[in-house]
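Chain by chain, the residues run as shown.
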Amino acid sequence: MYSLTKKRWQAINDNDANFDGQFIYGVMADHRVCCPSCHREDDCVQKNIRIFKTCDEALFEGFVPCPDCQPFGVLSDKAKLVYQIKTYLAHNYQKRLTLESLADEFNVSTGVIHRAFMTTTNESPQAYLVRLRMYQAKKMLHDSNDSVAVIGLKVGIPNLSYFNTVFKQHVGMTAVQYRKQAK
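Only a predicted model underlies this, so the values are computations on that prediction, with no experimental measurement involved.

1. Thoughts on the sheet that holds strand 1 (residues 24-27)
Across a sheet, paired strands are connected by hydrogen bonds in the backbone, their directions being either parallel or antiparallel.
So, point 1. Across the sheet, 4 strands lie side by side as 3-1-2-4; this open sheet has mixed pairing. At either margin of the open sheet sits one strand with a lone partner, and together these are strand 3 (49-52) and strand 4 (64-65).
So, point 2. Bridge count for strand 2 (residues 32-34) against strand 4 is 2 bridges, and the pairing is parallel. Looking across to strand 4, one finds that Arg-32 is bridged to Val-64.

Structure, rendered in structure tokens:
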């Protein structure tokens, strides 16, 4: 996430389209994410604003795209399916999830899900899920005093050894090293 600087706050207040594509912002009151140029009807309170670098970051935090400004862009049918799956994963990443369980949940074949993800995002659903879990793990390591094993469980990776391996592959350091550096 980015910080809410005076420049970004001014861009939001001025609905400045020059900042579209540089960041998106979410409003905690309705968990809706918008482009800086969005003409929201409500008054945004600075303390309730979150600034995101990417759409995935906003999804990881439970925000949904504004139907007016469409910060994720106009979605094709495949992209809509991928968005729905990403939203589902953001709310259920702690569970044991497989391609088959996603296919059952969305009533489509595993092949449809995999192809939609690959053509829309250039990553598999499993790779996306791991990235989501590592994002949440980093947040928990920074914000809580839970043990690494407990955090692994909370993000849906119950095997501590596997959690440590995946974390190091994605972050470049162990979870313990990351926690020391973050605090």
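2. As for the side chain of Arg-32
So, point 1. Within the secondary structure layout, Arg-32 lies in strand 2.
So, point 2. Taking the relative accessible area as the measure of exposure, Arg-32 reaches 17% and is therefore buried.

3. Quick notes on the pattern of salt bridges
So, point 1. Evaluated as defined, the whole model comprises 6 salt bridges.
So, point 2. In this structure, Lys-139 engages Glu-61 in a salt bridge whose closest nitrogen and oxygen atoms are separated by 2.9 Å. You can see Lys-139 sitting in helix 6 (residues 125-143) and its partner Glu-61 sitting in the loop between helix 2 (55-60) and strand 4, a full 78 residues away along the chain.
So, point 3. Ionic pairing is found between Arg-131 and Glu-123, a salt bridge with its closest N-O pair at 2.6 Å.
So, point 4. What makes Arg-131 partly exposed here is its relative accessible area of 30%.
So, point 5. Members of the salt-bridge network, linked through shared partners, are Asp-56, Lys-86, Glu-123 and Arg-131.

4. Some details on the pairing of strand 1
Note on strand geometry: in a regular strand, side chains alternate between the two faces of the sheet.
So, point 1. The two faces of strand 1 match: Ile-24 and Gly-26 on one face and Tyr-25 and Val-27 on the other face are all buried.
So, point 2. Of the strand pairs in this sheet, strand 1 and strand 3 are connected by 4 bridges, and their pairing is antiparallel. Of the residues in strand 3, the one forming a bridge with Val-27 is Ile-49.
So, point 3. One ladder, built from 3 bridges, connects strand 1 with strand 2; its direction is antiparallel. Bridge pairing links Gly-26 to Val-33 in strand 2.
So, point 4. Linking two consecutive strands that pair antiparallel, namely strand 1 and strand 2, is a turn of 4 residues; a positive phi of about 50° is found at His-31 within it.

5. Observations concerning the environment of Phe-60
So, point 1. Mapped onto the elements, Phe-60 comes out in helix 2.
So, point 2. Taking the C-alpha atoms as reference, Phe-60 lies 21 Å from Thr-119; in sequence the two are 59 residues apart.
So, point 3. Filtering out sequence-adjacent residues up to four positions away, Phe-60 remains in contact with Tyr-128, Arg-131, Leu-132, Tyr-135 and Gln-136.

6. Topic: the nonpolar core
So, point 1. Residues Leu-89, Phe-163 and Phe-167 are the most contacted members of the largest nonpolar core, which totals 40 residues.
So, point 2. Mapped by element, the contributors of at least two residues to this core are helix 2, helix 3 (77-92), helix 4 (99-106), helix 5 (110-121), helix 6, helix 7 (148-154), helix 8 (160-171) and helix 9 (175-182).
So, point 3. It is helix 6 that provides the largest number of residues to this core, a total of 9 residues.
So, point 4. Beyond its immediate chain neighbours, meaning those up to four positions away, Phe-163 contacts Met-134, Ala-137, Val-148, Ile-151, Gly-152, Val-155, Ile-157 and Ala-175.
So, point 5. Counting 15 residues, the second-largest nonpolar core is a separate cluster that includes Ile-12, Val-27, Cys-35 and Cys-66.

The rules behind these values
Residues numbered from 1 in each chain as written. Predicted model: local features only at pLDDT ≥ 70, side-chain atom pairs only at ≥ 80, totals over all residues. Heavy atoms only, no water. Pairing = 2+ DSSP bridges. Helix = DSSP H or I, 4+ residues; strand = E, 2+ residues; numbered from the N terminus. Buried < 20%, exposed > 50% of the residue type's maximum accessible area, 1.4 Å probe, protein only. Salt bridge = Lys/Arg side-chain N within 4 Å of Asp/Glu carboxyl O. Contact = heavy atoms within 4.5 Å. Core = buried A, V, L, I, M, F, W, Y, C linked by side-chain atoms within 4.5 Å.

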